[in-house]
Amino acid sequence: LALQGAFVEHQAILSHGQTRLPTAVRTLLVRTQDELAECDALIIPGGESTTMALLARLTGLLAPLREFACSKPVWGICAGAILLASGGIVGAKKNGQEVIGGIDVRVERNGWGSQLESFEAELTVAGLWDPNQPFVGVFIRAPVRYPSPIKVLARLPSSLLPAITSQETFERQDPQLEAHSSDSRTIVALRQGRHLLTTFHPELTKDDRFHEYFINECVLGPPADQIRDSHAPVAKAIPIYCV
């Protein structure tokens, strides 16, 4: 999706040719309904979620994007994660936040505070090629909590959680959420069906393994109704912290 944000960086990674993919990948910068109709999958980049949603509405893309997410793979990165959230947004701007939906999470904007709280962290990610090699996550105000049914791909060490969050707010709204996780705020990458969500920015590194994962597992993988995580609890939509 090329309405706003870091779409050029994603295109550069996908265009340089991943040697571990079983098929060639053609990229397309999507700004119109006709361009969206050509796609088999979509990446919604990091950027400014309110601006993206406004531009999607102004260009007539909002409804087609919602329809697309009902049947095709979508990967949301940071601001894109906000747009994929079906469970509502905490801390939205004054006039609210329109979303595309597709993943059962509730999002809180600016969970890490200001831009000064941005950081990098090494992540151990199940399912990536060479999983023993840490993936460097670039975090720009964005941890994640726990949706369901879900496949958790990566967590942050709890020592890196922000000192001040809306944890108590979420627990008051649904005190059973934390029973499903040691601390769901540490979840920073997750998958639901053929949708992928990361609250960090893989496109800001030279490591293409998350792009490879999205293509191999979400785009070329089994149909969504065949994807299950036997360890996933059944819970309500839960919070994410994002830009």
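Residues numbered from 1 in each chain as written. Predicted model: local features only at pLDDT ≥ 70, side-chain atom pairs only at ≥ 80, totals over all residues. Heavy atoms only, no water.

Per an unreviewed UniProt entry, the protein chain goes by glutaminase and derives from Hydnum rufescens UP504. Quoted verbatim from the Sequence similarities (unreviewed entry) heading of the UniProt record, the comment on the protein chain is "Belongs to the glutaminase PdxT/SNO family." (UniProt positions renumbered as here; feature names shortened; annotations may be inferred.)

Participant: Which residues make up the sheet that holds strand 9 (residues 195-198), and what values do they have?
Facilitator: Ordered by their spatial adjacency, 5 strands build an open sheet running 1-2-9-8-7, and the pairing between neighbours is mixed. Lying at the two open borders of the sheet, with one neighbouring strand each, are strand 1 (42-44) and strand 7 (151-155). Ignoring strand direction, the axes of neighbouring strands in this sheet form an average angle of 10°. Bridging between strand 7 and strand 8 (residues 187-192) involves 4 bridges; their strand directions are antiparallel. Paired with Lys 151 across the strands is Arg 191, a residue of strand 8. (Pairing = 2+ DSSP bridges. Helix = DSSP H or I, 4+ residues; strand = E, 2+ residues; numbered from the N terminus. Axes fitted to C-alpha atoms, helices over the stretch in contact; angles between N-to-C directions.)

Participant: Explain helix 4 (residues 62-71) residue by residue, including any values.
Facilitator: Within helix 4 the residues assigned to the buried category are Leu 62, Pro 64, Leu 65, Phe 68 and Ala 69. In a view along the axis of helix 4, the buried residues occupy a sector of 160°, so they form one face of it. Set apart from the buried face of helix 4 by more than 90 degrees, the exposed residues are Ala 63, Glu 67, Cys 70 and Ser 71. Residues of helix 4 that are buried in the fold lie against helix 2 (33-37), strand 1, helix 3 (49-58), strand 2 (74-77) and strand 9. (Buried < 20%, exposed > 50% of the residue type's maximum accessible area, 1.4 Å probe, protein only. Arc of directions from axis to C-beta. Contact = heavy atoms within 4.5 Å.)

Participant: Lay out the layout of surface pockets in plain terms, naming residues and giving numbers.
Facilitator: Computed from the structure, the largest pocket encloses a volume of approximately 590 Å³. Considering the residues around the largest pocket, the lining is formed by 25 residues, among which Leu 14, Val 25, Arg 26, Thr 27 and Ala 41 are closest to the centre. Elements with a minimum of two residues in the lining of the largest pocket: helix 1 (7-15), strand 1 and helix 7 (209-219). Residue contributions to the lining of the largest pocket peak at 4 residues, all from helix 1. For the lining of the largest pocket, a count of residues per class yields 18 nonpolar, 4 polar and 3 charged. (1 Å grid on protein atoms, 1.4 Å probe; cavity = no way out; pocket = protein on both sides within 12 Å on 5 of 7 lines; lining within 4 Å. Points joined across faces, edges and corners; volume = space filled by probe spheres on them. Nonpolar A, V, L, I, M, F, W, Y, C, P; charged D, E, K, R; others polar.)

Participant: Quick rundown of the environment of Ile 89? Include the residues and the values.
Facilitator: Within the secondary structure, Ile 89 is located in strand 3 (residues 89-90). In this structure the C-alpha to C-alpha distance between Ile 89 and Arg 109, which are 20 residues apart in sequence, comes to 7.4 Å. Dropping the residues within four chain positions of it, Ile 89 is found in contact with Ile 82, Gln 97, Val 99, Val 107 and Arg 109.

Participant: Lay out the side chain of His 201 with the relevant residues and their values.
Facilitator: By the element assignment, His 201 lies in the loop between strand 9 and helix 7. Residue His 201 is classed as buried on the basis of its relative accessible area of 6%. In this structure the side chain of His 201 is engaged in a polar contact, spanning 2.8 Å, whose partner is the side chain of Glu 203. (Polar contact = N/O pair within 3.5 Å; in protein donor to acceptor, adjacent residues only side chain to side chain.)

Participant: Any chance you could break down the UniProt feature "binding site: L-glutamine" (unreviewed entry) in the protein chain for me, citing the residues and the numbers?
Facilitator: Cross-referencing UniProt, the feature "binding site: L-glutamine" (unreviewed entry) maps to Gly 47, Glu 48, Ser 49, Arg 109, Ile 140 and Arg 141 in the present numbering. Structurally, Ser 49 can be placed in helix 3. Judged by its relative accessible area of 1%, Ser 49 is buried. Along the chain, Arg 109 falls in strand 4 (residues 105-109).

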